[in-house]
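Structure assessment
Letter by letter, the chains look like this.
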Amino acid sequence: MNWDEEAAEDAAARLVGADADRDDSAVEAALRPKDLDEFVGQEKVRQQLDLVLKAARQRGATADHVLLSGAPGLGKTTLSMIIAAEMGAPIRITSGPAIQHAGDLAAILSSLQEGEVLFLDEIHRMSRPAEEMLYMAMEDFRVDVIVGKGPGATAIPLELPPFTLVGATTRAGLLPPPLRDRFGFTGHMEFYAPEELQRVIHRSARLLDVEIEDEGAAEIAGRSRGTPRIANRLLRRVRDYAQVRADGFITREVAAAALGVYEVDGRGLDRLDRAVLEALLKLFGGGPVGLSTLAVAVGEERETVEEVAEPFLVREGLLARTPRGRVATPAAWAHLGLVPPRQGGGTGSSGQQDLFGA
């Protein structure tokens, strides 16, 4: 197992982790919208994609290849299924890590039907030989299958039916330009506004047969990190709390109490996030402090702090990465209700004499 897979498992194990776990996958299948009109949020991408698909249908042709980038949990898989539904075509789902050899990709491509949608998740993690085969398949709908080895090897051209490739990636910068340029449409998925997440929560609550008031939905949305997957996960946990300890109806008070039990605070930070901030503020006076030192202080691996906790803290403006190390922002002190140490000489918040103190 490589680090990307370990980081994904760490994120999925957290209630506010954006990667899908098994429960999420099962629930998301029932909650996914079936068409673009039902899809909430991502207005620009949705409108642009709607034009692409309608034009393809009017021409009677397959849609252009589509690349969707953005953080986990924003709806890339859902959009791929909507593309297939809008085009009236079947969909084949696989992932980059599952394609380790060119032969793996050739087997998938050769079995596609005309007009079929091939969804390739985490496309940036595909092997290089398969990636180079994909260039020709996307552009010419043809692949060369190598038969034999050494000087006697022969390339047999294999014609493919027209198909639509939908690639999804959380790291668009890792895609080589030749691959990125072969996509006819590229859409970047943005984080959701709280108002959009409220619409997602109300829709999911109807499908799950959960009663929720507007203020309860707003409370959950405010702690969902701008991510529908997290919003749906928090909704399910609040539903459980309301069922057991309340009357089953989700109000703001019930939602706040439930998420307090699960240690998700009003800004969406969980135990790990707060542990990183508390170590940075209380032990190191707000920084700067090296990443490895900070990881030891919270009892986590360096990569866990860097890849799992820090991205959200940086996006929220609570932590900054600098050449000298990690530094807390004034918003971090305010969020934890702490007072920043005074500037200049004297003793810092860690109780140690400042280097240039009087």
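Treat the numbers as computed from the prediction; the structure is a model and nothing was measured. (Residues numbered from 1 in each chain as written. Predicted model: local features only at pLDDT ≥ 70, side-chain atom pairs only at ≥ 80, totals over all residues. Heavy atoms only, no water.)

The next subject is unusual backbone geometry. A positive phi angle, close to 45°, is found at Glu122, a residue other than glycine. Considering the arrangement of structural elements, one finds Glu122 in the loop between β3 (117–121) and α6 (128–140). Residue class for Glu122 comes out buried when judged on its relative accessible area of 17%. (Helix = DSSP H or I, 4+ residues; strand = E, 2+ residues; numbered from the N terminus. Buried < 20%, exposed > 50% of the residue type's maximum accessible area, 1.4 Å probe, protein only.)

So, about the sheet that holds β3. Consider a sheet: its strands pair through backbone hydrogen bonds, and that pairing is either parallel or antiparallel. Spatially, the five strands line up as an open sheet ordered β2-β3-β6-β1-β7, and their pairing is parallel. On the outer flanks of this sheet lie β2 (91–95) and β7 (185–188), each paired with one strand and no other. Averaged over all neighbouring strand pairs, the angle between strand axes comes to 15°, with direction disregarded. Sheet topology note: the strand β1 (residues 66–69)/β7 ladder contains four bridges and is parallel. Its bridge partner lying in β7, Leu67 is registered against Thr186. Against the sheet, helix α3 (residues 43–59) makes contact with β1 and β7, and its axis sits at roughly 160° relative to β7, the strand it touches most. Of the strands in this sheet, β1, β2, β3 and β6 (164–169) are in contact with helix α4 (residues 76–87), which crosses β3 at around 175°. (Pairing = 2+ DSSP bridges. Axes fitted to C-alpha atoms, helices over the stretch in contact; angles between N-to-C directions. Contact = heavy atoms within 4.5 Å.)

A few words on the packing of helix α9 (residues 214–221) against helix α11 (residues 252–261). The interhelical angle for the contact between α9 and α11, taken along N-to-C directions, is 30°, at an axis separation of 7 Å. With respect to α11, the element α9 is oriented roughly parallel. Within the contact between the two elements, α9 uses Glu215, Gly216, Ala218, Glu219 and Ile220 and α11 uses Arg252, Ala255, Ala256 and Leu259. Looking at the contact of α9 with α11, its residues break down into five nonpolar, one polar and three charged. (Parallel < 35°, antiparallel > 145°, perpendicular 65-115°, else oblique. Nonpolar A, V, L, I, M, F, W, Y, C, P; charged D, E, K, R; others polar.)

Our focus in this paragraph is helix α13 (residues 291–298). Residues that lie three or four places apart on an α-helix share one face, since the helix turns once every 3.6 residues. Taken residue by residue, α13 has Leu291, Leu294, Ala295 and Val298 as its buried positions. Summarising the axial view, the buried residues of α13 lie within an arc of 100°, below the 170-degree limit, and thus occupy one face. Those residues of α13 that are buried lie in contact with α12 (271–283), α14 (302–315) and β11 (325–328). Looking one or two residues past α13, Gly299 carries a phi angle of roughly 70°, positive in sign. (Arc of directions from axis to C-beta.)

With that out of the way, let us pick up the pattern of salt bridges. A full pass over the atoms with the stated rule returns 19 salt bridges. Two residues, Glu38 and Arg203, come together in a salt bridge whose shortest N-O distance is 2.7 Å. Here the residue Glu38 occupies a position in the loop between α2 (22–31) and α3, and Arg203 occupies one in helix α8 (residues 194–207), the gap between them amounting to 165 residues. Its relative accessible area of 32% is what places Glu38 among the partly exposed residues. Look at Arg203 and you get buried, because its relative accessible area is 12%. In this structure, the salt-bridge partner of Arg128 is Glu131, at a minimum N-O distance of 3.1 Å. A residue pair is termed a helical-turn pair when its members lie 3 or 4 positions apart in one helix, as Arg128 and Glu131 do in helix α6 at three residues. The buried category is assigned to Glu131, whose relative accessible area is 4%. Three or more residues joined by partner-sharing salt bridges are found here, namely Glu219, Arg223 and Arg252. (Salt bridge = Lys/Arg side-chain N within 4 Å of Asp/Glu carboxyl O.)

As a further point, take the packing of aromatic side chains. For the structure shown, the criterion picks out one aromatic pair. Residues Phe141 and Phe163 carry aromatic rings whose centres are separated by 5.5 Å and whose planes lie at 80° to one another, so their mutual orientation is edge-to-face. With Phe141 in the loop between α6 and β4 (142–147) and Phe163 in the loop between β5 (154–159) and β6, the pair connects residues that are 22 residues apart, well separated along the chain. Classification of Phe163 by relative accessible area gives buried; the value is 1%. Here the basic side chain of Arg225 rests over the ring of Phe312, its NZ or CZ set 3.9 Å away from the ring centre. The ring of Phe191 has Arg315 lying over it, and the distance from NZ or CZ to the ring centre is 3.6 Å. (Phe/Tyr/Trp six-rings, centres within 6.5 Å; stacked < 30°, edge-to-face > 60°. Lys NZ or Arg CZ within 6 Å of the ring centre and 35° of its normal.)

Note: β2 against β3, five bridges, orientation parallel. When the bridges of β3 are listed, Thr94 appears paired with Leu120. Taking the sense of rotation as the criterion, the β-α-β connection linking β2, helix α5 (residues 102–110) and β3 turns out right-handed. (Right-handed = clockwise from strand over helix to strand, strands pointing away.)

The next point concerns the nonpolar core. Within the largest apolar cluster, 46 residues are counted, with the highest numbers of intra-cluster contacts made by Leu79, Ile201, Ile212, Ile220 and Ile250. For this core, the element with the highest residue contribution is helix α10 (residues 228–245), accounting for seven residues. With residues up to four places along the chain from it excluded, the contact list for Leu79 reads Leu36, Phe39, Val45, Leu49, Leu68 and Met189. Among the nonpolar cores identified, the runner-up in size contains 24 residues, and Leu120, Ala130, Met133 and Val143 belong to it. (Core = buried A, V, L, I, M, F, W, Y, C linked by side-chain atoms within 4.5 Å.)

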